[in-house]
Amino acid sequence: MSAAEYRLCDVSLERFLGCSNARLEREQAIAISDLLEKNTFVPLEHGGGPYRLRIAMADARLALHIATDQGVHVVNHFLSLAPFRRLIKDYAHICGSYYDDITFTTMLEC
């Protein structure tokens with residue numbers, strides 16, 4: 001199989017990862033676009049893709065659903081978020097401060 005077949009061709013996020021905040025949705029879209037631009041993705045013991053990754057929540061865990069580009073199930077991984085609570089809280093605080101600063105700076109420029 002060629003290297004092009006060992007890659008992600010699609011990444012989707014369930015709505016839970018963001019509210020209806022247009023700015024946050026834009027940032028997520030940019031991050032996904034950057035990820036898809038150049039990547040290597042090789043699930044163990046699978047013959048090749050390309051692959052689709054759907055990120056969701058399931059019972060307070062992060063769920064990574066992996067399928068081929070044809071939609072054939074490959075594997076699901078579930079990750080407890082408990083060890084990342086502090087990191088997630090700090091990240092949310094930094095993002096909030098960043099957006100507050102952008103809003104304040106924009107107001108000063110008007």
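Notes on the structure follow. For every chain, the first residue of the written sequence is number 1, and numbering continues from 1 onward in sequence order. Only residues with pLDDT of at least 70 are given local features in this predicted model, and only at 80 or more are side-chain atom pairs given and counted; all residues enter the totals for whole chains, interfaces and linings. Only hydrogens and water are set aside when side-chain values are computed; all heavy atoms of the structure are taken into account.

## Thoughts on the pattern of salt bridges
Pairing between side chains becomes possible if they bear opposite charge and their charged atoms approach one another.
Phase 1: Salt bridge, as used here, is a side-chain nitrogen of Lys or Arg placed within 4 Å of a carboxyl oxygen of Asp or Glu. The full count for this structure, using the stated rule, is four salt bridges.
Phase 2: Across the salt bridge formed by Glu14 and Arg54, the nearest N and O atoms sit 3.4 Å from each other. Here Glu14 is found in the loop between strand 1 (8-13) and helix 1 (22-37), whereas its partner Arg54 is found in strand 2 (residues 51-58), with 40 residues between them in sequence.
Phase 3: Partly exposed describes any residue whose relative accessible area lies between the buried limit of under 20% and the exposed limit of over 50%, with all areas from a 1.4 Å probe on protein chains only and scaled to the type maximum. The class of Glu14 is partly exposed, set by a relative accessible area of 33%.
Phase 4: Owing to a relative accessible area of 37%, Arg54 belongs among the partly exposed residues under this scheme.
Phase 5: The salt bridge involving Arg86 is made with Asp90; its shortest N-O contact spans 3.3 Å. Linking Arg86 with Asp90, this pair stays in helix 2 (residues 85-109), spanning four residues, or about one helical turn.
Phase 6: Given the relative accessible area of 33%, Asp90 is considered partly exposed. Helical segments are the DSSP runs of H or I of at least four residues, strand segments are the runs of E of at least two, and each set is numbered from the N terminus.

## Brief notes about the pairing of strand 2
Phase 1: For two strands to be treated as a pair, DSSP must find at least two bridges joining them. Here strand 1 runs beside strand 2; their pairing, made up of five bridges, is parallel. Its bridge partner lying in strand 2, Leu13 is registered against Ile55.
Phase 2: Looking at chain direction, strand 2 and strand 3 (residues 61-68) are connected through eight bridges and run antiparallel. The partner of Ala56 across the bridge, within strand 3, is Ala63.
Phase 3: Here strand 2 folds back onto strand 3, and the loop between the two strands holds two residues, one of which, Asp59, carries a positive phi near 50°.

## A short note on the nonpolar core
Phase 1: If you look at the biggest cluster of nonpolar residues, it comprises 11 residues: Tyr6, Leu8, Val11, Ile32, Phe41, Tyr51, Leu53, Ile55, Leu62, Ile66 and Val74.
Phase 2: Of all elements in the fold, only strand 1, strand 2 and strand 3 reach the threshold of two or more residues within this core.
Phase 3: When residues in this core are grouped by element, the largest group, three residues, is from strand 2. What makes a nonpolar core is a set of buried Ala, Val, Leu, Ile, Met, Phe, Trp, Tyr and Cys residues whose side-chain atoms join them at distances within 4.5 Å.

## Let's talk about the sheet that holds strand 3
Phase 1: Strand order in this open sheet of four strands is 1-2-3-4, and the pairing throughout is mixed. Every other strand in the sheet has two partners, leaving strand 1 and strand 4 (73-80) as the edge strands with one partner each. In this sheet, neighbouring strand axes are inclined to one another by 20° on average, regardless of whether the strands run parallel or antiparallel.
Phase 2: Sheet topology places strand 3 next to strand 4; seven bridges connect them, and they run antiparallel. For helices, the fitted axis covers only the stretch in contact; all axes are lines through C-alpha atoms, and the angles between them, taken along N-to-C directions, range from 0 to 180 degrees.

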